[in-house]
Structures are given as C-alpha cells and as structure tokens.
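Fold and geometry: a report
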Amino acid sequence: MQKNNPDAIVIGAGIVGACSALSLTNAGLKVMIIDRGSVASGTTGAGEGNILVSDKDPGPELTLALKSRDLWFELQEDVGDSFELEAKGGVVVARHDSSALMKLAEHQRAAGVTAERVNSAELHKLEPYLHPDLSEGVFYPQDAQCQPMLAAARIIQTVLARGGQLVSQARVTGFEISENSIKGVVTSRGTFHAPLVVNASGTWAGEIAALAGSQLPIAPRKGFILVTEPAPQYIFHKVYDSDYVANVASSDADLQTSTVVEGTRSGTILIGASRERIGFDGSMNYEIVRKLAAQATSLFPVLRDVQLLRVYRGFRPYAPDHLPVIGEDSLISGLWHSAGHEGAGIGLAPGSAALITDAILGRVSFMDAQAFSPQRFAGAL
Amino acid sequence: MIAIIGAGPAGLAAARAIALAGISVTVIDAAQKPGGQYWRHRSTVDGYKATRSEKYFSTVMGNPLVTYINGAQVWSATRSEKSIHINYLQSGVEKILACTDLILTTGAYDRSLPFTGWDKPGSMTPGAAQALLKGHGVIAGKSIVISGTGPFLLPVAVGLAAGGAKVEGVFEANSPLRWLRSPLALLLNPEKALELLYYLKQFRRYSIPVRFGKAVTEFTGHSVRISDVNSDLTIKKANVQEIECNGIAAGWGFVPDITLGGILGCNQVVDKDGTVIFSTDHQQRSSVSNIWIAGEATGIGGSDLALAEGHIAGLSVIGKRIPISLLFSRFRKELFARALQVSYPVNPGWKKWLNRETLICRCEEVTCGQILDSVEELKAEDARTSKLFTRAGMGLCQGRICSRNVAEVIGASKEVSVTDSERIAYSNRPIAAPISLGTLGDGISSK
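Residues numbered from 1 in each chain as written. Chains lettered and ligands numbered in written order. Predicted model: local features only at pLDDT ≥ 70, side-chain atom pairs only at ≥ 80, totals over all residues.

A word on the overall build of chain B
From N to C terminus, chain B includes 15 helices and 23 strands. In terms of overall dimensions, chain B is globule-like: its C-alpha atoms have a radius of gyration of 22 Å, near the 22 Å expected for 447 residues. Residues counted as buried form 53% of the 447 residues belonging to chain B. The contacts in chain B between residues at least 6 apart in sequence include a share of 66% that link residues at least 24 apart. (Helix = DSSP H or I, 4+ residues; strand = E, 2+ residues; numbered from the N terminus. Rg over C-alpha atoms; globule rule 2.2 N^0.38 Å. Buried ≥ 20, exposed ≤ 12 C-beta atoms within 10 Å, placed from the backbone. Contact = placed C-beta atoms within 7 Å.)

Re the interface of chain B and chain A
Facing the 27 residues of chain B at the interface are 33 residues of chain A. Of all elements in the fold, only strand S4 (72-79), helix H12 (383-390), strand S23 (435-436) and helix H15 (437-446) of chain B reach the threshold of two or more residues within the side of chain B that touches chain A. Ranked by residue count, the leading element in the side of chain B that touches chain A is H15(B), at six residues. Of the residues belonging to the side of chain B that touches chain A, the class tally is 13 nonpolar, eight polar and six charged. (Nonpolar A, V, L, I, M, F, W, Y, C, P; charged D, E, K, R; others polar.)

A short note on the nonpolar core
With 244 residues, the main nonpolar core has Ala152(A), Ile156(A) and Ala157(B) as its most contacted residues. In this view, Ala152(A) contacts Ala13(A), Gly14(A), Ile15(A), Ala18(A), Val39(A), Ala40(A) and Thr44(A); residues no more than four positions away in its chain are not counted. (Core = buried A, V, L, I, M, F, W, Y, C linked by C-beta atoms within 7 Å.)

Things to note about the sheet that holds strand S1 (residues 2-5) of chain B
Residues and elements named next belong to chain B. In spatial order, the strands read S3-S2-S1-S7-S20; together these five strands make up an open sheet with parallel pairing. Every other strand in the sheet has two partners, leaving strand S3 (66-69) and strand S20 (291-293) as the edge strands with one partner each. Between one strand and the next, the sheet's axes are offset by a mean angle of 20°, whatever the strand orientation. For S1 and strand S7 (residues 101-104), the ladder comprises four bridges, and the chain directions are parallel. Its bridge partner being in S7, Ala3 is matched across the sheet by Leu102. (Pairing = 2+ DSSP bridges. Axes fitted to C-alpha atoms, helices over the stretch in contact; angles between N-to-C directions.)

As for the confidence of the model for chain B
Here chain B averages 91 in pLDDT, while 95% of its residues score no lower than 70. Both scores are given for the predicted complex: the pTM is 0.91, the ipTM 0.90. (pLDDT = per-residue confidence, 0-100.)

Some thoughts on the packing of helix H1 (residues 9-20) of chain B against helix H3 (residues 53-60) of chain B
Pairs of packed helices are described in terms of their axes, by the angle between the two and the distance that separates them. All names here are of chain B. Direction vectors running N to C along H1 and H3 enclose 55°, while the axes themselves pass 9 Å from each other. It follows from the interaxial angle that H1 and H3 lie oblique. In the packing of H1 onto H3, the handedness of the crossing is left-handed. Counting all contacts with H1, which are made through Leu12, Ala13, Ala15, Arg16 and Ala19, the residues of H3 involved are Tyr56, Thr59 and Val60. In the contact of H1 with H3, the residues fall into six nonpolar, one polar and one charged. (Parallel < 35°, antiparallel > 145°, perpendicular 65-115°, else oblique. Left-handed = near helix turned anticlockwise from the far one by under 90°.)

Here we look at unusual backbone geometry
For residues besides glycine, phi is generally negative; the peptide bonds are generally trans as well. Phi at Ala40(A) is positive, roughly 60°, even though this residue is not glycine. Structurally, the position occupied by Ala40(A) is in the loop between strand S2 (31-34) and strand S3 (50-51). Its 30 C-beta neighbours within 10 Å are what place Ala40(A) among the buried residues. Located in the positive-phi region is Gln284(B), a residue other than glycine, with phi close to 70°. Assignment of secondary structure puts Gln284(B) in the loop between strand S19 (276-278) and S20. A residue is classified by how many C-beta atoms lie within 10 Å of it, and Gln284(B), with 30 of them, is buried.

Topic: the pairing of S1(B)
Residue and element names in this part refer to chain B. Both faces of S1 are covered, namely the face carrying Ile2 and Ile4 and the face carrying Ala3 and Ile5. One ladder, built from three bridges, connects S1 with strand S2 (residues 25-28); its direction is parallel. By the bridge assignment, Ile4 is partnered in S2 with Val27. In this region the chain leaves S1, passes through H1 and returns to the parallel neighbour S2; the handedness of that crossover is right-handed. (Right-handed = clockwise from strand over helix to strand, strands pointing away.)

Observations concerning the domain arrangement of chain A
It is common to report an interface's size as the accessible area lost on association of the parts. Residue and element names in this part refer to chain A. According to the domain assignment, chain A consists of domain 1 (8-76 + 148-218 + 322-377) and domain 2 (90-141 + 219-318). For domain 1 versus domain 2, the separation of C-alpha centres amounts to 27 Å. Tallying the contact residues gives 23 residues for domain 1 and 29 residues for domain 2. Elements with a contribution of two residues or more to the side of domain 1 that touches domain 2: helix H2 (60-79) and helix H6 (205-211). The residue makeup of the side of domain 1 that touches domain 2, split by class, is nine nonpolar, 10 polar and four charged. (Domains from an automatic or database assignment.)

A few points about the sheet that holds strand S14 (residues 223-229) of chain B
All names here are of chain B. On the basis of which strands lie adjacent, the open sheet formed by three strands has the order S13-S14-S15 and antiparallel pairing. A single partner strand is all that each edge strand has here, and the edge strands are strand S13 (214-219) and strand S15 (235-244). Within the sheet, the average angular offset between the axes of one strand and its neighbour, ignoring direction, is 30°. Pairing of S13 with S14, which is carried by five bridges, proceeds in the antiparallel orientation.

Points about H3(B)
All names here are of chain B. Among the residues of H3, Ser53, Tyr56, Thr59 and Val60 are the ones counted as buried. The buried residues of H3 occupy one face: seen down the axis, they fall within an arc of 120°. Relative to its buried face, H3 has exposed residues pointing more than 90 degrees away, namely Glu54, Lys55 and Ser58. Here the buried face of H3 lies against H1, S2, helix H2 (36-39) and S3. (Arc of directions from axis to C-beta.)

Remarks on the pairing of S4(B)
All names here are of chain B. Taken together, the seven bridges between S4 and strand S5 (residues 84-90) define a ladder with antiparallel strand orientation. By the bridge assignment for S5, Arg79 is matched with Ile84. Between S4 and S5, which pair antiparallel in sequence order, lie four residues.

Given below as structure tokens:
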C-alpha cells in the first residue's frame, strides 16, 4: 500500500481507538487507524452508550470518569452534535436495603459527584412508571448517554478530515520491533511503519500485546442486551438496580444479572445487563434473557405488555482488577495500551485518550495515571 | 417423540408419511389451519391441481396419531444431548413442546425489491395479496398490477382475478426464452407443460395480459409506471407505460425462513441465488443429529419439491427405507428448481432503479441515500455496521425484508460482492417471534 508513513498507528476503530486517534491528531500527529473489521465492529457496536459516573466507587476510575464525562461535551463541540449525546441522568433504585447505596452515594459526593438522595415521592416523580413499592433511590444528573457507533464513526470522520487514514479489514499479524522499540505493524493488508503504536483493540488487546512479545491480561466478559418494540415513553432516565454496582465490580466468573433499563430516541427500550466470563462464546442463553426481562418488569410493571424484538450480545474487555490499562508497555517502548475498559469504554474513552496523549507527549495530565499503568501486571502472569 | 414445525406442503407430507406408518407425531404451526403460506387451507379459488392438498389436510385434521398444535408462534428453541425444546406462544400463553426428533419445514416468504413508491398503501407482495384473498377474501373490486419474476406470479394473478379483482397485467422481468437453457429439467418434468397450459387458459379466461422484459419501477398510489428492463435488470427504457390501478403486487422470488434452524445450530450455506439455506444430506438430515429439514428452507423449489422432501424426511425419521422412486422424484424436481433459478434470476441491475430518496427499510424509513452516506461518510462496510448507523433493519420486521437489499446496495457502492458470512449473519436472529417481557420473565418460575 502506497501511503505516507504516519506518526502514530492506532489499532482499533472502536470508541477508545477513535478518541485516541482524534486526541493525537489534535496534538499535531499524523495518525493511521487500523481495524480487523470496520468502524465500531467490536464492543463499541454492541453497547448502550453509557457515560456513567453513578456506578463507580471513589478512586482513580471515578476521577477518570468525571473528567471524561466533561470531555464528551467538549468533543461534541469539536466533532459536531451528531451522535445523540444527552445528559439524561441516572436513577439508581434501592431494591431491598438502601444503606449500601446511600453510603456509596455519600462517598461519591465527597469525590465530586452530584448524587441526590430521593424519597418515594421524588423517585416516582422522576420515574412515574416505577413499581409503587420502590421507595428510595439516588439521582445522578451527570449520567449521560450517546449513540456509541455514531460517536466512533463521527470522531473517525473528523480524524480523516484532519489528515488521518483508516485501514479497515486489516488483521494485525505481528510487529516490527528492533532493540525493544516498535517500528511498525504487520497486518493482513501490509506493513505500516510508525514509531508509536496505540493498542486500543479492546477484547483483543491481550492477543495484540502477545504478538509484540509482551503481555496484557485482558479477557472478554459476555453480556446480553434486550431491545423491545418502540413503546410510549415510560422511562425517562437510565434506571438501574443498586445490585448493578456490586456486579460491575465483581470478579465472579458466574453469571450476574442486574437490570439497567432505559428508553431511546427511537422509542425502543434497552434492557441490560448480564456479565459472564465464558470467553468468546457467542451462543444464546434464553435463561439470561428471561432473567433480564423479569428484573426489568419488576422495576417497571408497565413493560410486561411490551414486546421483545431482539437480543444482542457483546464482549466487554476486562482486566483482573477491573481498571483500564492506559500507558506504555512494560517491555516494548513506543507501544502504548489503552484497553480493558470493560463496560465503561464509552464513558472513559475521551479521558483515556487525553491521558495517553499527555503521556506520549510528556505533558502533565489532569490526573496521575499510575493506577492504570500496564506495569502493574509485569511479571504477574 | 417426533415433532414437525410447519404445516405447509413439506410438513404435511412428513406428517402423513409418519402417521401412515402407525407412528404418532406432533405438528406445530403459526396459522389456525394447515396449508402453510402456499395452500393456506383453501384449495378452491386458484391454482393448478390445488385439490391435491385435501388429502394432506385430512391426514393431519382428525387423525388420532397426529397432534396438531395450531396458532402457535415459536419464538425460540433449545437443544440438549437428548431432547429439543420448542418454546411457543399460543393465545399469549407460553408453552413448551419437548421432542427427541424434529423436522423443520419453516418455508419461505416473498422477496421484495425496493422501488419508488413501494412503501405506499396498496403496494404489497404477491404472497400478501394471496393471503388477503385466501384468508379474508378481500380483493374484489380492486384493480391490480403484478410485477416481479417467477412462476408464483401466475397462480397469484389467476387467484386475484377469480376472486373478483381486475388484474391489469402481469409484468415478468425475465424472458421465457431462458427456459431453453434447461432442456433436461423440462424433459424430466413433462407435467409442468400441463400446468403452464392450465394457466394460459385461465389468463385467457380472465383476459390478463402478460408481458416479458418489463417491470414496475414506480408506484404513485393510483398508478404504476412500467419500464423495459434488460436481462441484468438494468432499465432499457424508463416509463414506457403508465397504468391506472389501486394496487401493485411485486415479488422477486422467495427468502427461506431459516431462523429456527439457525437458533438450533443447523449448518447453513449460501445457495447460487444468494439465499441462505440449510445443508442437508440425501435423507434431509441437517448437520445436527435428530433434526431434519425439508422444503423451501433447504433451497427454494416450490410445493412439488417440498412434498417430496417432506415425504423423505418423514420416512427417514422413523427409520424407513426410502424408495428409489421417491428419491428420483426429488431429483427431477430439484432439477426443475435449478431451472427456476436459471430462468428467473434477480440480477443486480435493480439497484440502478433506486434514487437517493427511495426507501430501503420501510419499518425505520431509511432511504437509499442514508445507506450510501453511511458508507461514504461513516465508513460502514457491511449491512450490520450500516444498520447501527442508520437503523435500517431494526424495525418490526427485524431486517427480514430489507437486510439483504441493504447488504447488496452497500456491496454495489463499494464494488464488492456480499460475502457468504455476511449473508449468513444478516439472515439469522436469536428471537424468532416477538414475545412480551411479562410472558418472557414469567417463564422462569414456571420451569
């Protein structure tokens, strides 16, 4: 392929890759994006577009999430209002004992999150169709949402308009490395040279690291999302069960389901989310689908008569400690990773891109990224 | 226990073979009465030798060996080593049918091509027109134009005319001379000549004009515009004729319904005409042990072939020898089915009829221009990605009607052919029929 050598190659045209590419482009680098498929063909194309601060415990991930959430709205200015970004707010409902949820909210408030405790009347004013027995919750006005596939596509379109390149259907098969420094990426569509490579390949990030002779413990965690027929507006925010927070943080390999229910602009209702660690097994599990339906209708009885139209599956890339991996490889210089965002990749993408761009350029960033460093796994495998 | 999903010609032939051997069988079908899309229980009104369906209806209706579950929407199925569970809805209640052996005869539905005005009221498929007629008898007094390709246009035209509609004309896109390419198929299926004569007579009786090498390329709501088309379906001469009418029935062959077999993991292949079908062995066995597949889901071939395949599948399930005569009968009908593909191809030139405003996905109202923009601007490279960007295929029909057209429009714009894996991907879906969240959730406690 006759193309000018870029300054940096980003592997992965999902949301993390797209944001990284735009951030590097805006810093003045010439960027090439490579993907095994096309735009948003992995985890980004199978998610709801969550930009959440409500589901995170205080700590580095929450700091990243808060900054990243604000960056989404800056990104909208840069790219244009073209990916349905909306600060719709989240409502977390305490199903049984509310003490754990209230304690979490208190800690989150201390960390800068707007988390308003709501009583029964306020809760039912926010969500009139909620089951009448549910009487307590927390409202998170900062929680937002976008259409993630459109977001990735629009961001990549902007990168291309600013001189970037996209090479699709190119599977990475190896790297050109000399003296532990990255020189280029070997793909099924040819070899591309650059002194900088960002591995933003999501669930495949571990395999990509292995091709470079390094290691990254990233594995897939499977999830299902239910999509209904278009319905009248029954749901006004992202509404979820307080169990969701516990499940997101869990390392249990077994199935976990806890409901996240939300409406979309097209009128369809999305119901997530299950989490299973069973590798890249794409098979259908109707018991999970039933469980998600039962949980959603117990939150919103009005949904009992709404028809399920389809179910889609996806794999979230996760690291053993549930924190993303953002930083330079522990063995290969010039190889940077931004992966393992699990179910929070949409929300965390712009912040992760800012961190990695700052680190590459040696700039001071908005937070200390030590907690996300790939070094934390060095020698741990 | 043996179960059959589908009570069309293939399913009924299988049930009949099993019941005649003195073995019990359960037939499950979405309609209230047996017959499938093609027979629809009514045997009068139209069609050559239509009365032969009577003997199949009587085998399943009122036979103590046949349990007939009607009005049942199968929404999913699961299998384990020993059994297959079919989850279905009947009058809003979810039920489960367990069986050890399963014959899938899930049939096919019309293939639609988009054209200007195909979304207007009065535009339908020949199958829908036939369903209206046979199910409800409501066509009388309308004036209708029939367009598309394939022999199915003939019984539909005759049925509509006999039902009291004014059929203004049948516009077959392909030339009848294409039949000369399949002399052996014609030689081995001489009875087809009689069928053709029957229809010619009916066409004369109802004064239905038939024109070849023409297609309806626009429907205004009260008239159709007809264009001359080349054999590759590009337009030779646009808008050569305009006919006043209230309805247009346009059909371009059929799409096999492969959803349930896909859910159960039966191996699929792409047929020569681009449709996704199941691969089966000479006894109609699928790649999954204890699942047999017969009829249109193994390749579009019409009711004669479906009857032979269903008969073979029924005998195979109960371990009976399959007579050579039956195998030969299937062979010659397969040859005829191949000849149909050669004689009535849907060549790629139809994409040239489209303009940017033509709707491709009617459910979500996505235009051809939006699909092309998703490729050009957003870098979509396949139907799945374009769907995520434009919502084409996300509506009530779940892409059953448009996903193939979306894939082919994208393929044409990128000058590549649609890959087999993409064809298989857009043809499959994990939920075979809509189910309410309440019913779905309740299923856990009842099990």
